[in-house]
Amino acid sequence: MPVFLFTDIEGSTALWERCRAAMATALECHDALLVEYVAKHGGRILKHTGDGIFAVFEKGDPLACALDMQRGLANQDWGEVGELRVRAAVHAGEAERRGDDYFGPTINRAHRLLEAGWGGQVLITTQAVAGVPLPPEATLKDLGSHVFKDLAAPQQVYQLCHPGLVRTEFPRLRSLSERLHNLPPQPTPFLGREKDVEEIGVRLSEGSCRLLTLVGIGGVGKTRLALQAAAEAVGAFAHGVYYVPLAALSGEEFLTGAVAEALGFAFHGREEARSELLNYLRAKEMLLVWDNFEHLLSGAAFVSEILAAAPAVKVLAASRERLNVKGEHIYEVRGMEFPAADAGEAGDGCDAVRLFVESARRPGLDLPPGRQDVLRGGQGAGADIVLISPSGELSACPEVHPLASRLAKPISMPPTRARSARMPAGNPLALSRDGLIRRASRAENSPPTKTPMNM
Ligand SMILES: Nc1ncnc2c1ncn2[C@@H]1O[C@H](COP(=O)(O)OP(=O)(O)OP(=O)(O)O)[C@@H](O)[C@H]1O
Ligand SMILES: [Mg+2]
């Protein structure tokens, strides 16, 4: 299993602003040292990331490399720059290899780990600890289990300790576990949609945008996108980011209770419940993520009440329909990028295909033997989005759903543009588990709450 080493310089932007010329010289020296240590310990630098490196150790000794690197950097005279504090993250796992680069959730996780660390610190995951030797005299300090912004399962993290390291004490990791939020960890990795996440982040940071609604058809990926954007925003809201799931609510009268439950707010009962909650929110700087609003639109005025009462509260809503309240900003969520019908192998990098392949690999889906290969290796196939229902049923549905693959047999579909953005979650064609193409049995107008696409 390959081991990955990520590094970067803490506070490099500020250093560049303070002493540009000295920083340029320092960076050259820093790069040369890292190149030397990675080669010495049997690794390979895949990328220079501006102020750091991304290296892989298919063999060799990544921890000895990280240790040497920290010691070497600490012994260097950085002139006007002063101290150059570099953080490092070591993680192991299978990763998708394309050319001389690696992609996928393992790489994202290593990146998230690096973000959480401090200059001078070397962080290591359980997966890496299991596969690499500890350098002589080195020990590991257990930093506990952490959830990162990828919202994947909690990760056990260790810090490399050694008598030769200059800095040994660090603040707590900058992981989501150290922040106020109730965002649920996700069972599957979040893929693609980088531009959407970034754009939503920008919109949420704008003072004028207090209510941003992610609008899109059922199953297009609104919930995942909202959760990911919210995870990125944790830290920007002093009093936290709270996810309010509304799918199970049978009426708008339960909205107050749903928000209170998400916040862990207990009513004391001296005043009317809604006023009590509004009073609580009044001085809060918070992001509320309301998911599946479409069946409670008649209760949307409550959102306006919150925004009026609490000037530093913002709302990110996910809904198949806009809320239609004053000041609402809309972000339209479209299907994931998927390959053209004749893209062949070149389409494999598309987000939709990657999501499909990830999903097809997942244990518990119980795909018939060989089915994954058929789906992935289909020659001359049309590029189609595929749904995988919890029962493992695969169904073709371009643009409607982000799961995709090149199917073994081309399935003729109406041209993409002819499809309505309001198309319900139902899908016109399905590839059943025995490989036969047939009409989907599911009703076109499936209820908005839980569609078979929610795995
Ligand atoms: N970017 C993504 N990365 C990984 N999985 C995704 C992504 N987008 C969507 N999915 C998966 O696709 C499925 C449908 O996505 P999601 O539940 O977010 O859709 P939705 O638009 O919220 O649907 P609904 O309108 O029914 O609430 C889920 O299983 C989700 O985990
Ligand atoms: Mg949803």
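Since the model is a prediction, treat every value here as computed from it, not as a measurement.

Asker: Can you walk me through the overall build of the protein in this structure?
Answerer: For the protein, the helix and strand inventory stands at twelve helices and 19 strands. When each of the 455 residues of the protein is scored for burial, the buried share is 40%.

Asker: Can you help me understand the confidence of the model for the protein in this one?
Answerer: When pLDDT is low, close inspection of the predicted coordinates is not appropriate. Residue-level pLDDT values for the protein average 79, and 75% of them are 70 or greater. In the predicted structure, residues 365–455 sits below a pLDDT of 50 and forms 170 contacts with residues beyond four places in sequence or in another chain.

Asker: Mind showing me how you'd approach the nonpolar core here?
Answerer: Here is a general trend for soluble globular proteins: nonpolar side chains tend to be buried in one another's company. Membership of the largest hydrophobic core comes to 97 residues, with the highest contact counts inside it found for A66, V90, A230, L288, V289 and L316. Looking at this core, you find at least three residues from each of domain 1 (3–173) and domain 2 (194–332). A230 has contacts with L183, V241, Y243, L287, V289 and L316, leaving out every residue within four places of it along the chain.

Asker: Mind showing me how you'd approach unusual backbone geometry here?
Answerer: As a rule of thumb, non-glycine residues mostly have phi less than zero, and peptide bonds are mostly trans rather than cis. We note that L151 has phi near 60 degrees; this positive angle belongs to a residue other than glycine. Within the secondary structure layout, L151 lies in the loop between β8 (139–146) and β9 (155–161). Of note in this structure, N324 is not a glycine but carries a positive phi near 60 degrees.

Asker: Any chance you could explain the pairing of strand β10 (residues 211–215) here in plain terms?
Answerer: In summary, the side chains of a regular strand alternate between the two faces of the sheet. For β10, the tally of buried residues reaches five of five residues, placing the bulk of the element in the interior. By the alternation rule, side chains of β10 split into L211, T213 and V215 and L212 and L214, which are all buried. Relative to strand β13 (residues 313–319), β10 is paired through five bridges, and the arrangement is parallel. Paired with T213 across the bridge in β13 is A317. As paired strands, β10 and strand β14 (residues 328–332) are joined by five bridges and run parallel to one another. The residue bridging L211 from the neighbouring strand is E328, located in β14.

Asker: How should the sheet that holds β8 be read in this particular structure?
Answerer: Consider a sheet: its strands pair through backbone hydrogen bonds, and that pairing is either parallel or antiparallel. In spatial order, the strands read β2-β3-β1-β4-β7-β9-β8; together these seven strands make up an open sheet with mixed pairing. Edge positions in the sheet fall to β2 (44–48) and β8, since each has one partner strand and no second. Between one strand axis and the next, the sheet turns by 25 degrees as a mean value, whatever way the strands run. Bridge count for strand β7 (residues 122–125) against β9 is three bridges, and the pairing is antiparallel.

Asker: Is there a simple way to explain the sheet that holds strand β11 (residues 241–245) in this structure?
Answerer: Spatial ordering of the open sheet is given by β11-β12-β13-β10-β14, a layout of five strands whose pairing is parallel. Looking along the sheet, the strands with just one partner apiece sit at the ends: β11 and β14. Each neighbouring strand pair of the sheet contributes to a mean axis angle of 20 degrees, computed without reference to strand direction. Sheet topology note: the β11/strand β12 (residues 286–291) ladder contains five bridges and is parallel. Bridge pairing links V241 to L287 in β12. Its contacts with the sheet place helix α8 (residues 255–263) against β11 and β12, and it is angled at close to 140 degrees to β11.

Asker: Honestly, helix α10 (residues 301–309) in this entry has me stumped. Any pointers?
Answerer: Along an α-helix, a turn takes 3.6 residues, which lines up residues three or four apart on a common side. Inspection of α10 places V303, I306 and L307 among the buried residues, and these make up the whole buried set. One side of α10 carries all its buried residues, which in axial view fall inside an arc of 95 degrees. Packed against the buried residues of α10 are β10, α9 (273–281) and β13.

Asker: Please explain the environment of A110 as it appears in this structure.
Answerer: By the element assignment, A110 lies in helix α4 (residues 105–116). On a C-alpha basis, the gap between A110 and V3 in space is 9.8 Å, while along the polypeptide they are 107 residues apart.

Asker: For this particular structure, what's the right way to read the pairing of β7?
Answerer: In β7, alternate side chains face the same way, and those of V122 and I124 on one face and L123 and T125 on the other are all buried. Where strand β4 (residues 86–92) and β7 come together, three bridges link them in parallel fashion. Bridge assignment links A88 to a residue of β7, and that residue is V122.

Asker: What am I meant to see in the environment of R179 here?
Answerer: Positionally, R179 belongs in the loop between β9 and α6 (194–205). A C-alpha to C-alpha distance of 8.9 Å links R179 and V241, two positions 62 residues apart in sequence. Among all residues touching R179, those that are not within four sequence positions of it are V234 and G235.

Thresholds applied
Residues numbered from 1 in each chain as written. Chains lettered and ligands numbered in written order. Predicted model: local features only at pLDDT ≥ 70, side-chain atom pairs only at ≥ 80, totals over all residues. Helix = DSSP H or I, 4+ residues; strand = E, 2+ residues; numbered from the N terminus. Buried ≥ 20, exposed ≤ 12 C-beta atoms within 10 Å, placed from the backbone. pLDDT = per-residue confidence, 0-100. Contact = placed C-beta atoms within 7 Å. Core = buried A, V, L, I, M, F, W, Y, C linked by C-beta atoms within 7 Å. Domains from an automatic or database assignment. Pairing = 2+ DSSP bridges. Axes fitted to C-alpha atoms, helices over the stretch in contact; angles between N-to-C directions. Arc of directions from axis to C-beta.

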